[in-house]
Amino acid sequence: MNAFFNMNFLTELLLSTIRMATPILFVALAETYSERAGLVNIGLDGIMSFGALIGFLIGYKTGSPTTGILAGALSGVAINMIYAFCTIRLCAPQIVYGMAINIFAPALASFIYRLSFSDTSTLIQGVSMKAMPIPVLCNIPVLGPLFFNHIPLVYMAYLLVPATAVFFNSTKAGLNFKAVGEFPKAAETLGINVVLQKYIACVICGALAGIGGAYLTICYTSTYSEGIVAGRGFIALSAVIFGRWMPSGVMLACLLFGFCDALQIRLQLLSPSTPYQLLQMIPYLCTLFVLAFFGIRKSGPKANGQPYYREER
Amino acid sequence: MKQRENLMKVIVPVLSILVAFIIGGIIMICLGKNPFQAYGFLFSGAFGSSRKIAQTLVIACPLIFTGLTAAFSYKCGVFNLGGEGQFVMGAVASIFFVTKSGIGGIAGILLSLLIGAAAGAVWGAIPGILKITRGLNEMIVSIMLNYVATLFMGYVYTTLLRDGSVPQTFAIPDSTKLAVVSKSFPVHWGVWVALFLAVAGYYFLFYTSKGFKLRAVGLNSTAAFFNGFPVNRYVLFSFIASGAVAGLGGSVELHGKQLRLMGGFGQGYGFDGVAIALIAQLNPIGTAAVAFIFAVLRKGASTLQTGMQIPTAVVDIIQALVIIFAVAGTALLKLPAIRQYINSHMGKKEVTN
């Protein structure tokens, strides 16, 4: 029991909270951009798994984690373009298409993985990203290792939060972007190219979700296995709702879910006699409880999830 | 006009299946394999003998159940993505019942199937209740419950009902195995239950007033509400009913095929069910047909792997392409421009009146 109050345990827990929250944060921000333009994308899990594979594969072949992450982002965009074309141009139902991506992308990922590594049954060890301590700041006791000794992607994720907030609230482009999600017809009459904005949203969404997936294989495990995403896309989706479509709220929600993930891993190490399945349920149950107690009825962008027929009056 | 729309509803899925097969063939050419030979292997693996056809039907069985689960809930306008969790919980409840109660024979099977369906219904009711009372997104809730159910099943087969050193449960008693049609055609009668449910579901949705109201809620819940339909009650009912179907499916799979729980039980069946229902345009009978096609692909995939060293994942891709094309095709037909084109070029007579 002592171990619980151990300082070391606490810092470890907080440290891994920040690390575990990072992929969810990337993906939740991806969804924020998408939903702000009126596109509910529940295919995040699929995009993540494809980004995870391509990131891993390219990282492994080139030996450079940065290239891997970039490739992950690009592959995320590529997959999301299917969703974008079908929901924006064809006005296909967004939920259904998100599901289609969720089924298609993991299948494609496992197919490519099997083609690339068909002759080996052992786990392939890929590249992993090195930590980049921030000079001076990382020497502060306790806070230094907690906040200033991470891999670059972690900084990037958390810096994206204020950047997104500024973009949405204080720039013309951001306000235009939001207008598309609130009332596309009015936006169009003001000369905003609604269709283009929606495509831009999909590019951003795909890239961030792809990075979130690549984070898992390059920064978190450095191996690839099927099911590595483990529902994080859906957890990110609930983080967006729980965070009420605001970057800061979304970040807090992600930290909470990251904390649950970190906690269950720590608890597994602390008490090996407890069946690990029960501990692994923690993040999912936490998501459920948080939503049940703090979830709100509709309060997102007004035109969220609706198709936009340009010619229709 | 109506007739043409119905025709389109059949043409779109059939065409998407064809196109997906063609793209699958192109992928095989890229791998340096002969696609005709490969599809030959695939179909002979699925239809080569009466035994193989029976095995294909047995594979189709759980897919029909989860497909009906998805179709039934979407018809009411709610997205129950929790088919997998409900399927698993049905099987878990059944294995507890048959291993702990000691009731065997027909009575044991019937009770166990009932309990499985009840467990699925309870698991399916949770997202429904949370949606109605708290306004929660049913998709997220049901997905989270899938993970909880799978982990709980893991707890059951590694700890609670573990059979010795292997991480799996005890097998169900012999007397509670589902009987098969005949030795040469080993199809357990759970398949007939699935087919019966498909027909019954079709009848309910399209030929009863309750089914009509359920579809009305799905098409426009506001209009249904102002017509005095108890919208929330129908939403909850569709969750419970679809959960029960999935739970029954899990129970049937346990008694008919797997006979015990172990890792991977039911994995992916929920999402496959969603895909199947969407391709079948939420028609229960169509769902059974598409489930059978998926089963053919699955059964054939293993022969493809052993016969031609083509990874089974190619079949997953074909399946995924089918859904992408089918959904896009349906959406395409609804576009204002396309509608206009169809009306003006093909249905002149109908337009003039």
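All values reported here derive from a predicted model rather than from experimental measurement.

Draft legend 1. Structural detail: the overall build of chain A. For chain A, the helix and strand inventory stands at 14 helices and two strands. Computed over the C-alpha atoms, the radius of gyration of chain A is 20 Å, within 12% of the 20 Å expected from 2.2 N^0.38 for a compact globule of 313 residues. Once the C-alpha set of chain A is aligned to its principal axes, its extents read approximately 65 × 45 × 40 Å. Long-range pairs, those at least 24 residues apart, make up 77% of the contacts in chain A with a sequence separation of at least 6.

Draft legend 2. Here's a closer look at the environment of Cys61(B). All names here are of chain B. For cysteine 61, the location among the structural elements is in helix α3 (residues 50-75). Overall, cysteine 61 belongs to the buried group, with 26 C-beta atoms counted inside 10 Å. Once residues lying within four places of it in the same chain are set aside, the contact partners of cysteine 61 are Gly190, Val191, Ala194, Val252, Glu253 and Gly256.

Draft legend 3. The arrangement of the interface of chain A and chain B in detail. Taken together, the contact pairs 42 residues of chain A with 38 residues of chain B. Of all the elements in the fold, those that place two or more residues in the side of chain A that touches chain B are α4 (65-89), α5 (94-116), α11 (232-242), α13 (276-280) and α14 (282-294) of chain A. A total of 14 residues in the side of chain A that touches chain B trace back to one element, the largest contributor, which is α5(A). Residue classes in the side of chain A that touches chain B are distributed as 30 nonpolar, eight polar and four charged.

Draft legend 4. Here's a closer look at helix α10 (residues 231-258) of chain B. Residues and elements named next belong to chain B. Between the first and last C-alpha of α10 there are 39 Å, a value that for 28 residues agrees with the 40 Å anticipated at 1.5 Å per step. Taken across its 28 residues, α10 has 24 buried, putting it largely inside the fold. Where α10 terminates, the next one or two residues include leucine 259, which has phi positive at roughly 65°.

Draft legend 5. The arrangement of the environment of Phe226(B) in detail. Structurally, Phe226(B) can be placed in helix α9 (residues 221-226). C-alpha of Phe226(B) to C-alpha of Ser16(B): the two residues are 210 residues apart in sequence and 38 Å apart in space.

Draft legend 6. Broad picture of the packing of helix α11 (residues 269-279) of chain B against helix α12 (residues 284-308) of chain B. Residue and element names in this part refer to chain B. Where α11 meets α12, the axes come as close as 8 Å, and the angle between the chain directions of the two elements is 125°. Overall, the two elements α11 and α12 adopt an arrangement that is oblique. Classified by chirality, the crossing of α12 by α11 is right-handed. Across the interface between the two elements, Asp272, Ile276, Ala277 and Ile279 from α11 touch Thr287, Val290, Ala291 and Phe294 from α12. Its residues assigned to classes, the contact of α11 with α12 shows six nonpolar, one polar and one charged.

Draft legend 7. Inspection of the nonpolar core at higher detail. Core analysis: the largest hydrophobic core is formed by 220 residues, its most contacted members being Ala239(A), Cys254(A), Ile323(B) and Val327(B). Among the elements that line this core, the one with the most residues is helix α13 (residues 313-334) of chain B, at 15 residues. Once you skip the residues sitting within four places of it in the chain, Cys254(A) turns out to touch Ala21(A), Ile24(A), Leu25(A), Ala28(A) and Ala239(A).

Draft legend 8. Molecular detail of the environment of Ile11(B). Structurally, the position occupied by Ile11(B) is in helix α1 (residues 2-30). Sequence separation between Ile11(B) and Leu236(B) is 225 residues, and the spatial gap between their C-alpha atoms is 33 Å.

Draft legend 9. How the structure looks around the packing of α11(A) against helix α6 (residues 138-160) of chain B. Running from amino to carboxyl end, α11(A) crosses α6(B) at an angle of 140°, the nearest separation of the two axes being 10 Å. The angle between α11(A) and α6(B) falls in the class oblique. Considering the relative orientation of α11(A) and α6(B), their crossing is left-handed. Here Phe234(A), Leu237(A) and Ser238(A) of α11(A) come into contact with α6(B), specifically with Ile140(B), Ile143(B) and Met144(B). Class assignment for the residues of the contact of α11(A) with α6(B) results in five nonpolar, one polar and no charged.

Draft legend 10. Spatial organisation of unusual backbone geometry. Residues and elements named next belong to chain B. Phi is positive for glutamine 281, close to 55°, though the residue is something other than glycine. Positive phi values are uncommon outside glycine, yet glutamine 309 reaches one of about 55°. Considering the arrangement of structural elements, one finds glutamine 309 in the loop between α12 and α13. A count of 10 C-beta atoms within 10 Å places glutamine 309 in the exposed class.

Thresholds applied
- Residues numbered from 1 in each chain as written.
- Chains lettered and ligands numbered in written order.
- Predicted model: local features only at pLDDT ≥ 70, side-chain atom pairs only at ≥ 80, totals over all residues.
- Helix = DSSP H or I, 4+ residues; strand = E, 2+ residues; numbered from the N terminus.
- Rg over C-alpha atoms; globule rule 2.2 N^0.38 Å.
- Contact = placed C-beta atoms within 7 Å.
- Buried ≥ 20, exposed ≤ 12 C-beta atoms within 10 Å, placed from the backbone.
- Nonpolar A, V, L, I, M, F, W, Y, C, P; charged D, E, K, R; others polar.
- Expected span 1.5 Å × (residues − 1).
- Axes fitted to C-alpha atoms, helices over the stretch in contact; angles between N-to-C directions.
- Parallel < 35°, antiparallel > 145°, perpendicular 65-115°, else oblique.
- Left-handed = near helix turned anticlockwise from the far one by under 90°.
- Core = buried A, V, L, I, M, F, W, Y, C linked by C-beta atoms within 7 Å.

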